[in-house]
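Below are the chains, spelled out letter by letter.
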Amino acid sequence: ICQEENTLRELRIFLRDICAKLARNKQFFMFTKPVDVEEVPDYLDIIKEPMDLETLMSKIDKHSYICARDFLDDIDLIVRNALEYNPDKSAEDKHIRHRACSLRDKAYAFIKAEMDSDFEDTCRDIRDKR
Ligand SMILES: Cc1noc(C)c1-c1cc(NS(=O)(=O)c2ccccc2)cc(C(=O)O)c1
């Protein structure tokens, strides 16, 4: 169990670093905080499960993720929400969809570049045993 806790601690350190790098990137500014319902009044009528990078970071600290796959599922949720709420041909909608796709690609690239696959396999084994 102690070894498992060491592995999960290492995963949290790793995920915080990736989340911080994404949140520092100016082009992802609109994904750094929950969509403000004052600014976007009908948002929660359309998007049933909001997600953003600040919430992602707090989930890391609450030990919500025990493998990179779970973390990437929440990144995919940020992207899916942006694509669903902004589906039109307008320049604004195209812009945010483009940024959302870039967020997904950067997140997957960071994980792939910095996580060796047997570390992720170890995390999956811990997840599947729990
Ligand atoms: C995200 C999102 N999903 O649907 C939409 C629409 C957006 C979105 C929301 C906002 N305004 S906001 O007050 O909710 C906010 C400001 C700063 C950080 C996070 C949210 C701005 C933009 C923008 O492109 O500038 C986009």
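Before reading further, recall that the structure is shown in the block above.
To start, this report covers the structure provided alongside it. The model shown is predicted, which means the values in this text are computed figures rather than measured ones.

## Focus: the overall build of the chain
In step 1: Within the chain one finds 6 helices and 0 strands.
In step 2: Moving toward the C terminus, one meets the helices and strands of the chain in the order α-α-α-α-α-α.
In step 3: If you line up the chain on its principal axes, its C-alpha atoms span 50 × 25 × 25 Å.
In step 4: Within the chain, buried positions represent 38% of all 130 residues.
In step 5: By element, 53% of the accessible surface of the chain is carried by carbon and sulfur atoms, the whole surface being about 7,800 Å².
In step 6: If you average the places of the 23 positive and of the 29 negative side-chain charges in the chain, the two averages end up 3 Å apart.

## Thoughts on the site of the ligand
In step 1: Around the ligand, the surrounding shell consists of Phe29, Met30, Lys33, Val35, Asp36, Glu39, Tyr43, Tyr85, Asn86 and Ile96.
In step 2: In this structure, Asp36 approaches the ligand through a main-chain N or O atom, which is 2.8 Å from an oxygen atom.
In step 3: Protein contact buries 73% of the 550 Å² of open area that the ligand shows by itself.
In step 4: When atoms are counted within 2 Å of each cavity's grid points, the one that captures over half of the ligand is the largest pocket.

## Some points on the packing of helix α1 (residues 2-24) against helix α4 (residues 68-85)
Packed helices, taken two at a time, are described by the angle between their axes plus the distance between the axes.
In step 1: It is at 11 Å that the axes of α1 and α4 come closest, and there the two elements cross at 25°. Between α1 and α4, the interaxial angle falls into the category roughly parallel. As α1 packs across α4, the resulting crossing turns out to be right-handed. Counting all contacts with α1, which are made through Leu11, Leu15, Ile18, Cys19 and Leu22, the residues of α4 involved are Ala68, Phe71 and Ile75.
In step 2: Residues of the contact of α1 with α4, tallied by class, amount to 8 nonpolar, no polar and no charged.

## What about the packing of aromatic side chains?
In step 1: This model, assessed by the stated rule, comprises 2 aromatic pairs.
In step 2: The interplanar angle of 55° and the centroid separation of 5.0 Å between the aromatic rings of Tyr43 and Tyr85 together place this pair among those described as tilted. Of this pair, Tyr43 sits in helix α2 (residues 43-46) while Tyr85 is found in helix α4, placing the two residues 42 residues apart along the sequence.
In step 3: Its relative accessible area of 7% is what places Tyr43 among the buried residues.

## Focus: the layout of surface pockets
In step 1: For the largest pocket, the calculated volume is near 420 Å³.
In step 2: In this structure, the second largest pocket encloses a volume near 160 Å³.
In step 3: Forming the walls of the second largest pocket are Ala68, Arg69, Leu72, Ile111, Lys112, Met115, Asp116, Ser117, Glu120, Asp121 and Arg124.
In step 4: Of all elements in the fold, only α4, α5 (91-114) and α6 (117-129) reach the threshold of two or more residues within the lining of the second largest pocket.
In step 5: In terms of residue count, the dominant contributor to the lining of the second largest pocket is α6 (4 residues).
In step 6: Residues that form the lining of the second largest pocket fall into these classes: 4 nonpolar, 1 polar and 6 charged.

The rules behind these values
- Residues numbered from 1 in each chain as written.
- Predicted model: local features only at pLDDT ≥ 70, side-chain atom pairs only at ≥ 80, totals over all residues.
- Heavy atoms only, no water.
- Helix = DSSP H or I, 4+ residues; strand = E, 2+ residues; numbered from the N terminus.
- Buried < 20%, exposed > 50% of the residue type's maximum accessible area, 1.4 Å probe, protein only.
- Areas by Shrake-Rupley, 256 points an atom, 1.4 Å probe, with all protein chains shown as cover.
- Lys, Arg positive; Asp, Glu negative; His and termini not counted.
- Charge placed at Lys NZ, Arg CZ, Asp CG, Glu CD.
- Near = heavy atom within 4 Å.
- Polar contact = N/O pair within 3.5 Å; in protein donor to acceptor, adjacent residues only side chain to side chain.
- 1 Å grid on protein atoms, 1.4 Å probe; cavity = no way out; pocket = protein on both sides within 12 Å on 5 of 7 lines; lining within 4 Å.
- Sits in = over half its atoms within 2 Å of the grid points.
- Axes fitted to C-alpha atoms, helices over the stretch in contact; angles between N-to-C directions.
- Parallel < 35°, antiparallel > 145°, perpendicular 65-115°, else oblique.
- Left-handed = near helix turned anticlockwise from the far one by under 90°.
- Contact = heavy atoms within 4.5 Å.
- Nonpolar A, V, L, I, M, F, W, Y, C, P; charged D, E, K, R; others polar.
- Phe/Tyr/Trp six-rings, centres within 6.5 Å; stacked < 30°, edge-to-face > 60°.
- Points joined across faces, edges and corners; volume = space filled by probe spheres on them.

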